[in-house]
Amino acid sequence: MNILEAIIAEKRIEVEQRKKQVPLENLRHSALYDRQRFSLVEFLQSDAYTGIIAEFKRKSPSKGIINDKANVVDVTRAYAANGASALSVLTDHSFFGGSTEDLIAARVNSLPILRKDFIIDEYQLEEARAMGADVILLIAACLSPDEVRKLAKAAQELGLEVLLELHDEEELGHVCEFTPVVGINNRNLKTFTVDIERSLAMASRLPEGTIKVAESGIDNVENIKIFREHGFRGFLIGEHFMKAPDPGKAFADFVADLNNMK
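Residues numbered from 1 in each chain as written. Predicted model: local features only at pLDDT ≥ 70, side-chain atom pairs only at ≥ 80, totals over all residues. Heavy atoms only, no water.

Observations regarding the overall build of the protein chain
No. 1: Looking only at helices and strands, one finds 11 helices and 10 strands in the protein chain.
No. 2: Taken over the C-alpha trace, the protein chain has a radius of gyration of 17 Å; the compact-globule value for 262 residues is 18 Å, and the two agree within 12%.
No. 3: Taking the principal axes of its C-alpha atoms as reference, the protein chain extends roughly 50 × 40 × 35 Å.
No. 4: The buried share of the protein chain, reckoned over its 262 residues, is 56%.
No. 5: Of the roughly 11,500 Å² of accessible surface on the protein chain, a fraction of 48% belongs to carbon and sulfur atoms.
No. 6: In the protein chain, 32 side chains carry a positive charge and 41 a negative one; their mean positions are 2 Å apart. (Helix = DSSP H or I, 4+ residues; strand = E, 2+ residues; numbered from the N terminus. Rg over C-alpha atoms; globule rule 2.2 N^0.38 Å. Buried < 20%, exposed > 50% of the residue type's maximum accessible area, 1.4 Å probe, protein only. Areas by Shrake-Rupley, 256 points an atom, 1.4 Å probe, with all protein chains shown as cover. Lys, Arg positive; Asp, Glu negative; His and termini not counted. Charge placed at Lys NZ, Arg CZ, Asp CG, Glu CD.)

Structure, rendered in structure tokens:
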């Protein structure tokens, strides 16, 4: 069993337990369920922001503890203050050290927030809306094309946008009319190795009009310049900032370098 298979196996058990603990009706009566949501599509298309989807992540299966001292409110506020187009907050606890509480705390910001988790069930879409998320992640590597379409359509009906994550060329068939934003992960979720050329190689094969997002392994502004030249509007970056003693300052410095490059 590879890392992704292990995560999904545990996630199925976790979701069934959560369904019993918190009924749908409870989720739908939460304080954040009916809030006005922000559009990732709009923010990525706006030149007023950097295009960076800045991530708050405590740990990962491949790197272990990345930063278990940072405060989610302090970090995400610094991201927002320095031009992030959106925020990404991990809510998977077992493998990434995240939580629902982290995303709720990050909701103090007026930016789109991506619930970064392994979505396999429509119940998790209701959870995402209840915790204040604007966007959910669908990972092609652990879903069939039919499952992606069903979940993406259900998300849209709940007023949530979708970031569809691809890694291999054979996953291009997962793209559908409900997935206008597509991320290409440079990290193989089965082995967790990084190949930054992957996003560039697959970009030209996405449907015309797709909003392209490069994910993982981005650690310098030159990477972003190259991605922009290939039509990318979004750049999901977390570890590069989170491994710094002060992730907010690391983000601000990165953006300053990005602006100086223009």
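Next comes the rest of the write-up.
Details of the packing of aromatic side chains
No. 1: For the structure shown, the criterion picks out eight aromatic pairs.
No. 2: An aromatic cluster is present here, built from Tyr79, Phe241, Phe251 and Phe254 joined pairwise through their rings.
No. 3: In this structure, arginine 129 is placed above the aromatic ring of tyrosine 33, and the distance from its NZ or CZ to the ring centre is 4.1 Å.
No. 4: Over the aromatic face of phenylalanine 232 sits the side chain of lysine 212, whose NZ or CZ is 5.7 Å from the ring centroid. (Phe/Tyr/Trp six-rings, centres within 6.5 Å; stacked < 30°, edge-to-face > 60°. Lys NZ or Arg CZ within 6 Å of the ring centre and 35° of its normal.)

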